[in-house]
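Observations on the three-dimensional arrangement
Read off the chains here:
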Amino acid sequence: IKHKIDDAKDLHDEPFGDVVLRHLIYSVGKDKTHAEARDWNVAVSLAVRDRMVEGWIDTTRHVYARQQKRVYYLSMEFMIGRMLEDNLTNLGLLSEAKEFIASQGLDVETVLHAEQDAALGNGGLGRLAACFMDSMATTGVAGMGYGIRYQHGIFRQTLEDGWQMEEPEDWLFEGNSWEFRRPEVVYEIGFGGHVTHDADGKATWTPAESVQAVAFDMPIAGWEGDHVNTLRLWSARQSGMMNLDTFNDGDFMAAARQQVLAETISKVLYPGDHTPQGRELRLKQEVFFTSASLQDMLRRFFTNYDNLDNLGDHVAVQLNDTHPAIAVPELIRILMDLHGYTFERALEITRETLHYTNHTLLPEALEKWPKDLFEHILPRHLQIINMIDGHFYQEAMAKGLDHHIIAGIQVIHPHQQDWVRMGNLAFIGSRKVNGVSALHTELMKQTVFHDLHTMYPDKIINQTNGVTPRRWLLECNPGLAGLITEQIGDGWIDDLEQLQKIAPLATDAAFQKAYRAVKSANKQRLADMVQERTGITLNTDAIFDTQIKRIHEYKRQHMNIMEAIALYNAIKADPEGTKRGAAWQPRVKIFAGKAAPSYFFAKLIIKLINDVAAVVNNDPDIGDKLKVVFLPNYNVSMAEVLIPGSDLSEQISTAGFEASGTGNMKFALNGALTIGTLDGANVEMLDHVGEDNIFIFGLKADEVAERQHRRARPSEVIKNSPMLQQIMSQLSDGTFSDGETERYRDFLTNVGDHDYFQVIPDFQAYWDMQRQLDGLYQNAEAWFEKAILNTARMGWFSSDRTIRSYADQIWRAPHKMSGT
Ligand code: 26W
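Residues numbered from 1 in each chain as written. Predicted model: local features only at pLDDT ≥ 70, side-chain atom pairs only at ≥ 80, totals over all residues.

**Remarks on the overall build of the chain**
- Across its full length, the chain carries 33 helices and 23 strands.
- Relative to its length of 820 residues, the chain is compact, with a C-alpha radius of gyration of 27 Å against a globular reference of 28 Å.
- Counting across all 820 residues of the chain, residues that qualify as buried make up 50%.
- In the chain, the proportion of contacts linking residues at least 24 apart, taken out of those at least 6 apart, comes to 76%. (Helix = DSSP H or I, 4+ residues; strand = E, 2+ residues; numbered from the N terminus. Rg over C-alpha atoms; globule rule 2.2 N^0.38 Å. Buried ≥ 20, exposed ≤ 12 C-beta atoms within 10 Å, placed from the backbone. Contact = placed C-beta atoms within 7 Å.)

Below, the structure written as structure tokens:
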């Protein structure tokens, strides 16, 4: 692609390597003899960034000229990982760059990887936002991401004696090659203060304090680089200069302190995933980036239009969970207080513009704020919420809803005025509300949003998640990508359903052989990483069985490690497998993931995994038959090695609790078989890959709900299971805790007495399915036929499909394939 930027005509004529060398000298300030890997990384990044800028300016012009409908994706989190390889790939410069790096006598991987992950997120929600940015650019949606430029992303996890420790992360220390600081793009964000009303009822809010939001932009190039969107992240700074009065009083330090306080707003990402902390700073973060983003998009809107009457025809806003739900009263406030609209009109316009995605049904994850705190920080927004509730009450009465039902779904419960409920606010203020998998959307209708759904039966729609095939196949698995392209050409890269063309090769001996060779090489790469980071040597003939995700009870890493204990016991009792009549299939259990720092039980699960590893990995009776590995500090870059190198993907959440999952999709696309429950998007993966090619076990969502409802106890099951009894007694007799009998007391109570997440009733089925997989793995042809069919049939799970569907069904926004 060649863009025409008037003042940059000859950029493309300069060989890429020359541009890199120019940046090394004039931007990094080093010569070749002194440059280190990071210096080269920056020089290469700046060279590819130059090329991206052309498409960026071009895209901006085109969108403006065509007055294309704009989509704004508001997300507290963007888990983007490293960008260099991604950008080189999308711009078609990867091989040229690699050749050039090698020609300088440098190690290509070392240079490409000398970039800190941008880890501005907790898990699935943040990674989804990153995949969506890639897919919006690829599909030609005029999409802009808005978030926070946290100075510190998700904490660095280390292990001390097997326990998780948290250290601050400092991704910006070495600079960020991708961002452009926009000091001219700055907005005031107010907090606190009071509201006055004039004779006509017009409100004026006078905040007590204010901070500034400064924009930092990152270009996001789609596949083939012609469409380049923007990710705009806000950084907080003190409003105006340091307070001069204080300064004149001679209290310079107090003035400086004000500055530090203002900057804390974008200082650090909250590491609680599914556990809102209800802290004032968190609320301020939400208001900060939401308000800045709304102000920014309206400023842009007014460069094209002169009033906000038809805002929703030209702009669609997507709220990534309730974190930016304050957009509802904030947009109404702007429309009423700054542009003179009536409340009714302001609400209508808002409801034509905003859309909300729900990512979890867990009751403890639904954000709510103490009303007093909310009022203290956002007095005008609280007034508007009361107007919304009043209006909503009338609407609900008109639809014949019962007073008590209405009370339960208003933003603030009229009789227990203690909480501002953000899910209800986002629902009431949005045009469409979506779930992230078919099952999740169905459960939204039946549970948390049941009454709101009755009132607005057309509001909830499903948009099953997806993953970008650029990062999650082409880049992370070049071996498989090359093999596929050899067979069917490279059209699959932005049209993933073309992968179906390899299905007929699933039983082809030559193709199977090549596919297996790729998997072996990826397993070796994974084994090398494990060796380097933990010192554990892996046997690559073993099944590489991987569970990587945030540590949470509902995701049931503890069920997985209990299965490892059971397998250890079984091998100990019958080392050669003579009693069972078959040799043991060697297996490596790989875990990685972070626990929220305040989530004690999740940290105990990590400790248990490491305790079991210490016993199993050092038992001479076990040898290579079983290894347990916990890789610390899981992040996107680590996933890029783990996913292609795995044989088996663990997706074993308690049915009804995982909204979708996206790791499940990445593994299957890369040819790992799934062992999983009928939960989240696993259900749709089953539909696509076929029941012979995915390994589903356990209770269904309705059975789980029924057991939870009647508080079914696990004791009956344990009584009838010698396998479970042995595990439970080993956890209380110190087998895995150096004789310390107290360590797993809470664990035993949780699982043995209550078992809310149904580990015990699912355990036998899980064990049986694992043994079935052991048998299957020994028949390589059968195993790889299934693996190939997984790759072939996962095309629908591309986030390009997801984004086109949002564009058509929610945003009503054009993309490259609209109308065709
Ligand atoms: C305020 C605390 C908090 C922080 C994050 C509450 C909830 C969250 C997120 C909703 C957690 C999350 O990442 N959810 C995941 O979203 C993915 C993308 O849709 C889904 O694939 C996962 O199933 C869901 O757990």
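**Considering the UniProt feature "modified residue: N6-(pyridoxal phosphate)lysine" (unreviewed entry) in the chain**
- The sites that carry the UniProt feature "modified residue: N6-(pyridoxal phosphate)lysine" (unreviewed entry) are, in the present numbering, Lys666.
- For Lys666, a count of 30 C-beta atoms within 10 Å translates into the label buried.
- Excluding anything up to four places from it in sequence, Lys666 contacts Val467, Trp472 and Ile643. (UniProt positions renumbered as here; feature names shortened; annotations may be inferred.)

**As for the packing of helix H23 (residues 600-616) against helix H30 (residues 745-754)**
- Interaxial distance between H23 and H30 falls to 10 Å at its minimum, and their mutual angle equals 110°. The pairing of H23 with H30 is recorded here as roughly perpendicular in orientation. Of the residues in H30, those in contact with Phe601, Leu604 and Leu608 of H23 are Asp746, Phe747 and Asn750.
- For the contact of H23 with H30, the class distribution of residues is four nonpolar, one polar and one charged. (Axes fitted to C-alpha atoms, helices over the stretch in contact; angles between N-to-C directions. Parallel < 35°, antiparallel > 145°, perpendicular 65-115°, else oblique. Nonpolar A, V, L, I, M, F, W, Y, C, P; charged D, E, K, R; others polar.)

**Topic: the environment of Glu716**
- Tracing the backbone shows Glu716 in helix H28 (residues 715-719).
- Classification of Glu716 as exposed rests on a count of 11 C-beta atoms within 10 Å.
- Considering only alpha carbons, one finds Glu716 and Ile760, 44 residues apart in sequence, at a separation of 9.7 Å.

**Quick notes on the pairing of strand S6 (residues 163-167)**
- Alignment of strand S5 (residues 156-160) against S6, held across five bridges, turns out to be antiparallel. Bridge assignment links Glu160 to a residue of S6, and that residue is Trp163.
- Hairpin remark: S5 followed by S6, antiparallel, with two residues in the connecting loop; positive phi at Asp161, about 55°. (Pairing = 2+ DSSP bridges.)

**Digging into the sheet that holds strand S22 (residues 673-676)**
- If you walk across this open sheet you meet the six strands as S20-S19-S18-S21-S22-S23, and the pairing is parallel. Pairing within the sheet leaves two strands with one partner each, and these edge strands are strand S20 (626-630) and strand S23 (695-696).
- Two elements, strand S18 (residues 543-548) and strand S21 (residues 648-651), share two bridges in a ladder whose sense is parallel. Looking at the pairing, Thr546 lines up with Ser649 of S21.
- Contacts from helix H22 (residues 557-573) reach S18, strand S19 (587-592), S20 and S21, with the element oriented near 155° to S20.

**Side note on the domain arrangement of the chain**
- Taken domain by domain, the chain holds domain 1 (1-66 + 83-116), domain 2 (67-82 + 117-464 + 803-811) and domain 3 (469-531 + 542-785 + 793-797).
- Domain 1 and domain 2 are separated by 33 Å when their C-alpha centres are compared.
- Between domain 1 and domain 2, the residue contacts involve 22 residues of the former and 20 residues of the latter.
- Within the residue set of the side of domain 1 that touches domain 2, elements represented by two or more residues are helix H2 (37-66) and helix H3 (84-90).
- Counting residues per element, the side of domain 1 that touches domain 2 draws most heavily on H2, at twelve residues.
- When its residues are assigned to classes, the side of domain 1 that touches domain 2 shows ten nonpolar, seven polar and five charged. (Domains from an automatic or database assignment.)

**Examining the site of the ligand**
- In the vicinity of the ligand, 23 residues are found, and the nearest of them are Gly124, Leu125, Pro276, His359 and Ser660.
- Three or more residues apiece are contributed to the shell around the ligand by two domains, here domain 2 (67-82 + 117-464 + 803-811) and domain 3 (469-531 + 542-785 + 793-797). (Near = placed C-beta within 6 Å.)

**Description of the sheet that holds strand S10 (residues 209-221)**
- Taken in spatial order, the nine strands make up an open sheet running S7-S10-S11-S4-S1-S12-S13-S16-S17, and their pairing is mixed. Each edge of the open sheet carries a strand with a single partner, namely strand S7 (180-191) and strand S17 (460-462). Geometrically, the sheet is characterised by an average inter-axis angle of 25° between neighbouring strands, direction not taken into account.
- Pairing of strand S13 (residues 354-357) with strand S16 (residues 432-435), which is carried by three bridges, proceeds in the parallel orientation. Paired with His355 across the two strands is Lys432, which belongs to S16.
- Along the sheet, helix H33 (residues 799-811) makes contact with strand S1 (70-74), strand S12 (315-320), S13, S16 and S17, crossing S16 at roughly 150°.

**What about the pairing of strand S11 (residues 228-238)?**
- Of all eleven residues making up S11, nine are buried, and the element is well covered by its neighbours.
- Note that S10 and S11 share eleven bridges and pair antiparallel. Residue pairing across strands places Asp217 opposite Arg232, the latter belonging to S11.
- Where S10 hands over to S11, the hairpin turn is made up of six residues, of which Glu224 adopts a positive phi near 75°.

**Side note on helix H20 (residues 478-488)**
- Inspection of H20 places Leu480, Ala481 and Ile484 among the buried residues, and these make up the whole buried set. Buried residues of H20 fall within an arc of 100° about the axis and therefore sit on the same side.
- Buried-residue contacts for H20 involve helix H19 (469-475) and helix H21 (509-534).
- One or two steps after H20, the chain reaches Gly489, where phi turns positive at roughly 80°. (Arc of directions from axis to C-beta.)

**Structural notes on the nonpolar core**
- Grouped together as the largest cluster of nonpolar side chains are 230 residues, with contacts concentrated most on Val44, Phe288, Ala327, Ile609 and Val612.
- Other than its neighbours up to four places away in sequence, Val612 contacts Ile561, Ala564, Ile565, Val628 and Phe736. (Core = buried A, V, L, I, M, F, W, Y, C linked by C-beta atoms within 7 Å.)

**So, the confidence of the model for the chain**
- In this model, the chain carries a mean pLDDT of 96, and residues with pLDDT of at least 70 account for 97%.
- Quick note on the complex model: pTM equals 0.97, ipTM equals 0.98. (pLDDT = per-residue confidence, 0-100.)

**Observations concerning the packing of H20 against H21**
- Interaxial distance between H20 and H21 falls to 9 Å at its minimum, and their mutual angle equals 165°. The pairing of H20 with H21 is recorded here as roughly antiparallel in orientation. Pair H20 / H21 crosses with right-handed handedness. Residues Gly479, Leu480 and Leu483 of H20 form the contact with H21, whose participating residues are Ala514, Tyr515, Val518, Ala521 and Asn522.
- Per-class residue counts for the contact of H20 with H21 are six nonpolar, two polar and no charged. (Left-handed = near helix turned anticlockwise from the far one by under 90°.)

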